[in-house]
Amino acid sequence: MPNVVIIGAQWGDEGKGKVIDILAPKSDFVVRYQGGNNAGHTVVIGKDKFVLHLIPSGILHKGKICVIGNGVVVDPKALLEEIAMLEAKGVKVDGRLFISNEAHIIFPYHRKLDELKEKAKKKKKIGTTKKGIGPCYSDKVARSGIRLIDLLNDRVLKEKLKANLAEKNPIFTKIYGVSGYSFKTLYKEYKGYAARIKRYARDTTVLLNDAIASKKSILFEGAQGTLLDVDHGTYPFVTSSNATAGGAATGTGVGPSKIDKVIGIVKAYTTRVGEGPFPTQFDPDLLEKIRQKGGEFGATTGRPRRCGWFDALVVRHSVRVNGLDEIVITKLDVLDELKSIKICTGYRYKAKTYRDFPSDIEIIKNCEPVYVTMPGWMTDTGKVKSYSRLPVNAKKYLDYIQKLLGTKIVLVSVGCDRKQTFSNR
Ligand code: GDP
Ligand code: IMO
Ligand code: MG
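Residues numbered from 1 in each chain as written. Chains lettered and ligands numbered in written order. Predicted model: local features only at pLDDT ≥ 70, side-chain atom pairs only at ≥ 80, totals over all residues. Heavy atoms only, no water.

Colleague: Whenever I open this one, the environment of His53 confuses me. Can you help?
Modeller: With respect to the element layout, His53 can be found in the loop between strand 4 (48–52) and strand 5 (65–68). Separated by 14 residues in sequence, His53 and Ala39 place their C-alpha atoms 5.0 Å apart. Non-local contacts of His53, meaning those with residues more than four positions away in its chain, are made with Arg32, Gly36, Asn37, Ala39, Gly40, Glu82, Ala299 and Thr300. (Helix = DSSP H or I, 4+ residues; strand = E, 2+ residues; numbered from the N terminus. Contact = heavy atoms within 4.5 Å.)

Colleague: Would you mind showing me how to read the site of ligand 1 here?
Modeller: Surrounding ligand 1, one finds 19 residues, the nearest of these being Lys16, Gly17, Thr42, Asp333 and Ser413. Contacts to ligand 1 include Gly15, whose backbone N or O atom sits 2.8 Å from an oxygen atom. At a separation of 2.5 Å, an oxygen atom of ligand 1 approaches a polar side-chain atom of Ser413. Protein contacts shield 93% of the accessible area of ligand 1, which totals 580 Å² for the unbound molecule. Comparing atom positions with the cavity grids shows ligand 1 to sit within the second largest pocket. (Near = heavy atom within 4 Å. Polar contact = N/O pair within 3.5 Å; in protein donor to acceptor, adjacent residues only side chain to side chain. Areas by Shrake-Rupley, 256 points an atom, 1.4 Å probe, with all protein chains shown as cover. 1 Å grid on protein atoms, 1.4 Å probe; cavity = no way out; pocket = protein on both sides within 12 Å on 5 of 7 lines; lining within 4 Å. Sits in = over half its atoms within 2 Å of the grid points.)

Colleague: Help me understand the coordination of the magnesium ion (ligand 3) in this model?
Modeller: Tetrahedral coordination by four donors sets the ideal angle at the metal to 109.5 degrees; octahedral coordination by six donors sets it to 90 or 180 degrees. Protein coordination at the magnesium ion (ligand 3) comes from Asp13 (OD) and Gly40 (O), with a distance range of 2.0 to 2.2 Å. Remark: Gly40 occurs in the loop between strand 2 (29–32) and strand 3 (41–45) and Asp13 occurs in the loop between strand 1 (4–8) and helix 1 (16–23); sequence separation between them is 27 residues. Note on accessibility: Asp13 and Gly40 belong to one class, buried. (Donors = N, O, S within 2.8 Å, 3.2 Å for Na, K, Ca; no water. Buried < 20%, exposed > 50% of the residue type's maximum accessible area, 1.4 Å probe, protein only.)

Colleague: What is the right way to look at the domain arrangement of the chain in this model?
Modeller: In many reports, interface size means the accessible area that the parts give up when they come together. Split by domain assignment, the chain resolves into domain 1 (104–197) and domain 2 (266–423). Spacing between the C-alpha centres of domain 1 and domain 2 amounts to 37 Å. Each partner contributes to the interface: domain 1 provides six residues, whereas domain 2 provides five residues. Approximately 380 Å² of surface area, both sides summed, lies buried where domain 1 meets domain 2, with 55% of it carried by carbon and sulfur atoms. If you look at where domain 1 meets domain 2, you find zero salt bridges. Counting across the interface, domain 1 meets domain 2 through two residue pairs in polar contact (both at pLDDT 80 or more). Of the residues belonging to the side of domain 1 that touches domain 2, the class tally is one nonpolar, three polar and two charged. (Domains from an automatic or database assignment. Buried area = accessible area lost by both parts, 1.4 Å probe. Salt bridge = Lys/Arg side-chain N within 4 Å of Asp/Glu carboxyl O. Nonpolar A, V, L, I, M, F, W, Y, C, P; charged D, E, K, R; others polar.)

Colleague: Any chance you could explain the pairing of strand 19 (residues 408–413) here in plain terms?
Modeller: Each regular strand carries side chains that alternate between the two faces of the sheet. Of all six residues making up strand 19, five are buried, and the element is well covered by its neighbours. In this structure, strand 19 lies alongside strand 20 (residues 421–423), joined through three bridges in antiparallel fashion. What sits directly across from Leu411, in strand 20, is Ser423. (Pairing = 2+ DSSP bridges.)

Take a look at the structure:
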């Protein structure tokens, strides 16, 4: 298989975990390139359900090598818990997981700052996962972060941790009126993590580029979604990394010329967890119905997800900024009981209709969506095994989406299970 990037084409939770699980057997490596344990990727294998936050979902396939790239932020406590969870379920991690020396490390002060900043924003909060993601990336960009390689060097760890606490403790005490962190306690805790994590640390750019040179293939597992990308999303209601396809290159040290294909994962409707504008959100009754049917509760925080109609402006934006070659449609089955289904094809704002996703958050927040209404199929699709067997109206719905996006739908998913997936060839 070629080197393929899998990205979320909406606001996250499109079913990336399930698709990675399906494509992993054809790849040699599965690699995370951005985000951290804010992600929650679900893989259902028969009666077993795995939710992966930090470790690539490919770990569930024996023999696949998994890499956490330099673009990821790693909370060592969360990492060790996830490794323990996998090993308790019989999944061997040692020898199959490698973490970039250059990945930045999340500390408790990042988590605390995430929480305090959100609280201070009151109604303007972002609705973060409070995992410390934003503050850790802030330190990275401010050039004061602590990387895995620094964690493993006692002298550097001491020096950097002291410098960070000297800067951050006054913020806690003077701005937020809470106590700061003791160097001794944090140093001891993180020395302990360093000893346990050392075995996974690698120069992963060498590992991955050598693999490519010897004709091995890589699956890049995007986290979050395009509309949560710090550059291309609904800023400031975004995460702090590049969830889009370009992030796969910067977040792993694999050059763009080595990436062969980008596939976007697209939910048959739209969901969003956390705050921020969402033009096609359902009315409360339908929202509750779809939330229950689709199990739309955050895989990381358990928060109820907001749900809405398919938004073609959102996904066309994704097609553009990711250079999508193909798309996978997930959760088609969740729409099975609807008499009619809407697709948003424009935003109406101040007597103007926008056909391309606007940058102005005021427009996204206050626009009136322009819809095309299609008849539903009112048939259970959960057992459908091929595109040709789909109800006629389901096919029409997908064909219309494909036309609006100008991009081929290659796979369709109609349930959580591996088997509830078929290609469109
Ligand atoms: P990710 O973050 O993109 O990996 O997605 P999540 O795991 O957060 O959320 C997707 C949810 O939908 C999970 O609970 C999956 O088991 C479930 N799921 C995936 N594909 C389908 C599908 O086609 N139909 C239904 N009903 N559920 C699905
Ligand atoms: P996966 O990979 C959906 C959202 C949060 C919040 C915003 C910023 O499972 O699709 P952060 O903690 O990252 O600073 O929060 O981003 N968010 C996600 N929403 N799926 C995710 O990951 C998300 N990761 C972060 O809810 O709105
Ligand atoms: Mg998720």
